[in-house]
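Structural description and commentary
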Amino acid sequence: MVVGKKINRVDAVTKADGTAKYTEDLLDDKCLVAKVLHSTIANGKVLSFDLEEAKKVPGVVKIITSFDVPDIQYPTAGHPWSTEKAHQDVCDRKLLNTRVRFYGDEIAAVIADDEIAADHARDLIKVEYEEYPAIFDMEESVNNPGDVPIHEEKPNNVIVKSNYEVLDYDEAVKEPGLIKVTGVYETQKVQQCHIENASSFAYKEAGKVVVVSATQIPHIVRRVCSQALGCDMGKVRIIKPYLGGGFGNRQDALTEPLNAFLTLQVGGRPVKLMYTREETFFGTRSRHAMKFYITSYVRPNGTFAAREIVAYSDNGAYGSHAHALVANAVNAFRMMYPVGAIKGVAYTVYTNNPTAGAMRAYGIPQIGFALEAHVDDIIAKLPNDDAISFRKKNMMQLGYVDPGTTITCHSTGLSECIDKGREAIGWDEKIEKYKNQTGDVRHGVGMGIFCYKTGVYPIALETSACRMILNQDGSIQLQVGATEIGQGADTVFSQMAAETLSIPFENVHILSQQDTDVTPYDTGAYGSRQTYVTGMAVRKTAESLKNKICDYAAWMLNKDRIDLDLVDNHIVRVGTNDVLISLKEVAMEACYSRTNSNHIAAEETHHCSDNTYSFGVCFADIEVDIPLCQIKVNRIINVHDSGTIINPQTAEGQVHGGMSMGLGYGLLEKMLFDPKTGRMLNSNLLDYKLMTAIDTPDLEVAFVEPKDPSGPYGNKSLGEPPVIPVAPALRNAVYNATGVAIDSIPLNPEKLFQEFTDAGLIK
Amino acid sequence: MYDFNNIYQPKTIEEALKMKSEHPEALILAGGSDILIQVRDGKLAGCDVINIQPLNELRGICVEDNGSILIRPLTSFSHITKNPIIEKFLPALGFAVDQIGGPQIRNIGTIGGNICNGVTSADSASTLKAYDAVLEIASVDGIRLLPYADFSKGPGKVDLKGNEILTGIRVPKESYENTYGEYMKYSVRRAMDIATLGCSVNVRLTDDKKSIDRVRIAYGVAGPTPMRVPTAEKLGNGKVITEQLITDIAEAALTDVKPRTSWRASKEFRMQLIKELCKRSLRTSIKKAGGTI
Ligand SMILES: Cc1cc2nc3c(=O)[nH]c(=O)nc-3n(C[C@H](O)[C@H](O)[C@H](O)COP(=O)(O)OP(=O)(O)OC[C@H]3O[C@@H](n4cnc5c(N)ncnc54)[C@H](O)[C@@H]3O)c2cc1C
């Protein structure tokens, strides 16, 4: 058994010894440097550029402005393309934009011999604008769109408004004796903060434009580049080397389309377009800020009778992933507690803020905070319920079929997750111990639960291809279009291949780089889909390869195919398991046979038409220093049901990363903007408070592992979920400690100061 | 790629002073952890620098004949923290500079750079203020001594003329003898962060340890420059130690400070911290000095 074992990452050594090549390591010495000029107004129009001084800077090769780019509006979202017009992504930006929609919009680019010349020339470009009033508040944007819409295609600034209703809400609220609880919850805009900034370089080769880029989605980026340039897809080639993190930001075309265009402006000479940290902050994507109005009607026995949500999602200046995120959020509002009548309305709106896109768990950390905070607000009003009893009574159960999406709960270990976490943190004793505290420093415990889909079916296409090639030594080459972005995908794919083929793990050689000219199709790393969807393709391909190997062995041994199997790296007789010949001998013969050479390889597509839910819980035990407005996390534990864990070691690492991100989301991180101009104030890692190692408490992780019947190896999603339950657990712990229920994050010192002052804890 | 215009490389202090008088607009480059940041973000792009980094004469810590502690400006933070003289006589300073950035910054950053940079959040500044440090400033014309109290001229501005270099920081014996101090840095993160507020307190108690003989309190980020709070100090000097006294001193500190609201923190929150950090640092200093509250 290889699946289920702790195995070191396949890329651990190459990353540690520095031989793994990232985009910047592959640069050509003669690469030109491109620098983008970003707008210094948030809303308006470029009237003209004065390039005279800029062009004089020695080393400047070419300056391209928004007046020079093709008149093509293209989409950027990392979604599989929909062949139905109605479901296609929003096409609302050009390579460079004359119509400026946020402070930092890309309006021109300088190509120069080196960085200093490019920077210097960029600073000398003079721009004349016509300015319109900017709108930074999402509700304001809907209620008061102003005379000039942000995009003319959407005159009221609403990209999409959607709604649903399960059962009859108006009827349900009439039930006598219900307790009504309302709340308004807000989550902030945060950034993915992957360690490698947005970076690419591009050149022309053999009539094609080649873009080397740190992307999660090479095949999608190829399609987007072809749309942006107005050329055929076969004329674009995307290469994805090793990459320093993505967390959803790179589930979007970022620098690639413009980079592809820029190389074509200088005769195909290599041009690099590498964003600084500052540009990556405001000029790529971020998590959507959302605001939720929730009303619940609950019976005194602790069950939901009816529940309603109105959700706003700030999409910023351009469409990107648009409505998919808040739609995901209001769907999860329904799925988590599928009890009683449920009604949801969601708006995705344009504002003059930087564009939001995909980020780890895609809208669910937002609703996760709001809903789990709301649940604790409800529990505070119920006579006989506590945090655990209420959740257990109302949460999703095995066999649930979601009425909106048809996604079915094929397995659930949520109840066991809660029990395990409760025990580990000492929940019952601490609830007792932390009652009626006074003094400056108080303790509290809190929890939050979640459910999460595994991939994007049936909302979008789920498909994946895989290729395996048998080497002469009996090892295999494994190629997938699914991407390793630090999450450990290559390692689990290798484990799966070894498992199904029944060969040693070391004999699987996975190619970590994707090259769209060579690599099988896969949509890429997002939606926690790869271990599930790509896993199915790996399994199917391994079965197919195994079959071909056995076919060949049957010819070699002159036996009936049906009597042979590949077990433990050898061809054996079915039934007795007698070893007949080693795989290596079969592979040598297949390659070099003078009478029947056969270069054994397999390639399969898995078209996935299923989905399932993973679950989990976070418990936090904290200490609040009221006068200093500081939270210290003494213990924090995530317990996950992600089905069968393919690799406990990498899974634990993945949970650590998610918890760390959840802690930053709940406690410290927030993108800040100048309220007058819309300029980002803290676009660096000093002022943007990403937690450091010393700020991070010990992260405890546990799993329960019900085998999911729909997963290729009993597995479900794990990539994104660990981030979800952390922020609400922290918020509920602060509530438990101080009696102050805070309805927005981050719970940073300034926020705590305001809340504690309002509550009279600080005078 | 850093956008420097000229880099001058002196071999001795004399050469450095000569270069500085010939190129008064050139910046002294010590560890570079402030300068390089500003070159990168364009504020100092294309500047000239005089690199004093290799001048070992400007590095190190000693006790002079009169008992003063002399810290040379190029001494890095990590060397200050681990220096036996500092550990013995000025542990509050060693602790304060250990709160700076992360290990790499503490290895490259210098105490001279920290105070010459002139920002209110500099982590060594409030402790040096609280210990009445005296600066030694040199030029081709000679050396002048300046109380650190008179060095700050406003945010990012210090009393250094175009031809001058900081060559020493002294803490007189009278200032540290029988004196116990505490620095509290309040920042949103516990590393790699600038202070939302810094508070450095030191006390000398009476022989019976029942009263405060002398208290000195200095803040960073409580105003445009690092500052002392004379009203609070005056109120504390010579008083019997009680919890009420501590509260009164902290309240009095509020009358001396001028924090402002910025997007990093509100004035009100800073006022809360000014009071609270004062109390806590004061209590710790008194305990270190052998007093009880
Ligand atoms: C990641 C990071 C984290 C940081 N964290 C902190 C922190 O937590 N707390 C903190 O206080 N600071 C922090 N800093 C700022 C910086 O490290 C300190 O201010 C440091 O002391 C600067 O010293 P330096 O030798 O590197 O100065 P440099 O950058 O070389 O110089 C700084 C200024 O002082 C002048 N100067 C230097 N030496 C002399 C001299 N002998 N005579 C005359 N002028 C001189 C220079 O001309 C320049 O104007 C941080 C910086 C970074 C990059």
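This structure is a prediction, so every number in the text was calculated from the model and none was measured.

**Things to note about the overall build of chain A**
Counting secondary structure elements, chain A contains 19 helices and 27 strands. At 27 Å, chain A has a C-alpha radius of gyration in line with the 27 Å of a compact globule built from 763 residues. By residue count, 63% of the 763 residues in chain A fall in the buried class. Only carbon and sulfur atoms are counted for the fraction: they give 49% of the accessible area of chain A, which is about 27200 Å². Side-chain charges of chain A comprise 75 positive and 97 negative groups, with the mean position of each set lying 1 Å from the other.

**Observations regarding unusual backbone geometry**
Residues and elements named next belong to chain A. The peptide bond linking Tyr457 to Pro458 adopts the cis configuration, its omega dihedral lying at 0°. The topology assignment puts Pro458 in the loop between strand S16 (441-453) and strand S17 (463-470). The linkage connecting Ile745 with the following residue, Pro746, adopts the cis geometry, with an omega of 5°. At Cys629, a residue that is not glycine, the phi angle is positive and equals roughly 55°. Relative to the assigned elements, Cys629 resides in the loop between strand S25 (613-625) and strand S26 (630-641).

**Focus: the site of the ligand**
Residues and elements named next belong to chain B. Around the ligand, the surrounding shell holds 31 residues, and the nearest of these are Ile28, Gly31, Ser33, Asp34 and Thr110. At a separation of 2.6 Å, an oxygen atom of the ligand approaches a polar backbone atom of Ile28. Note that an oxygen atom of the ligand is positioned 2.8 Å from one of the backbone N or O atoms of Ile35. The fraction of the free accessible surface of the ligand (990 Å²) that becomes covered by protein chains is 89%. Listing elements by their share of the shell around the ligand, those giving two or more residues are strand S2 (27-29), helix H2 (35-40), helix H7 (111-116) and strand S10 (165-171). By residue number, the principal contributor to the shell around the ligand is H7, which donates three residues. Split into classes, the residues belonging to the shell around the ligand amount to 16 nonpolar, 11 polar and four charged.

**What about the environment of Leu461(A)?**
All names here are of chain A. Relative to the assigned elements, Leu461 resides in the loop between S16 and S17. Spatially, the C-alpha atoms of Leu461 and Ile116 are 45 Å apart, while their sequence positions differ by 345 residues. In this view, Leu461 contacts Pro80, Val456 and His607; residues no more than four positions away in its chain are not counted.

**Digging into the confidence of the model for chain B**
Averaged over all residues, the pLDDT of chain B is 97; the fraction at 70 or higher stands at 100%. We note a pTM of 0.97 for the whole complex and an ipTM of 0.96 for its interfaces.

**What about the interface of chain B and chain A?**
Every contact between the two is made by 26 residues of chain B and, on the other side, 30 residues of chain A. Taken together, the two surfaces of chain B and chain A that pack against each other cover about 2300 Å², and 57% of this comes from carbon and sulfur. Area buried by chain B at its contact with chain A is led by Met1(B), Arg189(B) and Trp263(B), which between them contribute 28% of it. Across the chain B-chain A interface, the total number found is four salt bridges. Between Arg264(B) and Asp687(A) there is a salt bridge, with its nearest N and O atoms 2.9 Å apart. Linking chain B with chain A are 13 residue pairs in polar contact (both at pLDDT 80 or more).

**Brief notes about the sheet that holds strand S10 (residues 208-213) of chain A**
All names here are of chain A. Pairing is mixed across the open sheet formed by eight strands, whose spatial order is S3-S5-S1-S12-S9-S10-S11-S20. Of all strands in the sheet, those bounded by a partner on one side alone are strand S3 (60-65) and strand S20 (514-515). Here strand S9 (residues 199-205) pairs with strand S12 (residues 271-274) via four bridges, running antiparallel. Within S12, the residue paired with Phe201 across the bridge is Lys272.

**Examining helix H12 (residues 267-288) of chain B**
In a regular helix each residue adds 1.5 Å, so 22 residues correspond to 32 Å; H12(B) covers 31 Å between its end C-alpha atoms and thus fits that length. With its phi angle positive at about 95°, Gly290(B) sits one or two positions after the end of H12(B).

**Details of the packing of aromatic side chains**
Scanning the model with the defined rule gives 19 aromatic pairs over all chains in all. Between Phe753(A) and Phe269(B) the ring centres are 5.2 Å apart and the planes differ by 45°, which places this aromatic pair in the tilted class. Placement of the pair is Phe753(A) in helix H19 (residues 749-758) and Phe269(B) in helix H12, with the two residues belonging to separate chains. Across this residue pair, the class does not change: Phe753(A) and Phe269(B) are buried.

**Examining the environment of Val533(A)**
Residues and elements named next belong to chain A. Mapped onto the secondary structure, Val533 falls in helix H15 (residues 530-557). Judged by relative accessible area, which is 1%, Val533 ranks as buried. Between the C-alpha atom of Val533 and that of Glu462, which follows or precedes it by 71 residues, the distance is 7.1 Å. Those residues in contact with Val533 that sit more than four places away from it in its chain are Glu462, Thr463, Ser464, His606 and Cys608.

**Describing the side chain of Glu164(B)**
Along the chain, Glu164(B) turns up in the loop between strand S9 (157-158) and S10. Once residues within four sequence positions are removed from consideration, Glu164(B) is found in contact with Lys20(B), Ile137(B), Ala138(B), Ser139(B), Arg144(B) and Asp159(B).

Calculation criteria
Residues numbered from 1 in each chain as written. Chains lettered and ligands numbered in written order. Predicted model: local features only at pLDDT ≥ 70, side-chain atom pairs only at ≥ 80, totals over all residues. Heavy atoms only, no water. Helix = DSSP H or I, 4+ residues; strand = E, 2+ residues; numbered from the N terminus. Rg over C-alpha atoms; globule rule 2.2 N^0.38 Å. Buried < 20%, exposed > 50% of the residue type's maximum accessible area, 1.4 Å probe, protein only. Areas by Shrake-Rupley, 256 points an atom, 1.4 Å probe, with all protein chains shown as cover. Lys, Arg positive; Asp, Glu negative; His and termini not counted. Charge placed at Lys NZ, Arg CZ, Asp CG, Glu CD. Near = heavy atom within 4 Å. Polar contact = N/O pair within 3.5 Å; in protein donor to acceptor, adjacent residues only side chain to side chain. Nonpolar A, V, L, I, M, F, W, Y, C, P; charged D, E, K, R; others polar. Contact = heavy atoms within 4.5 Å. pLDDT = per-residue confidence, 0-100. Buried area = accessible area lost by both parts, 1.4 Å probe. Salt bridge = Lys/Arg side-chain N within 4 Å of Asp/Glu carboxyl O. Pairing = 2+ DSSP bridges. Expected span 1.5 Å × (residues − 1). Phe/Tyr/Trp six-rings, centres within 6.5 Å; stacked < 30°, edge-to-face > 60°.

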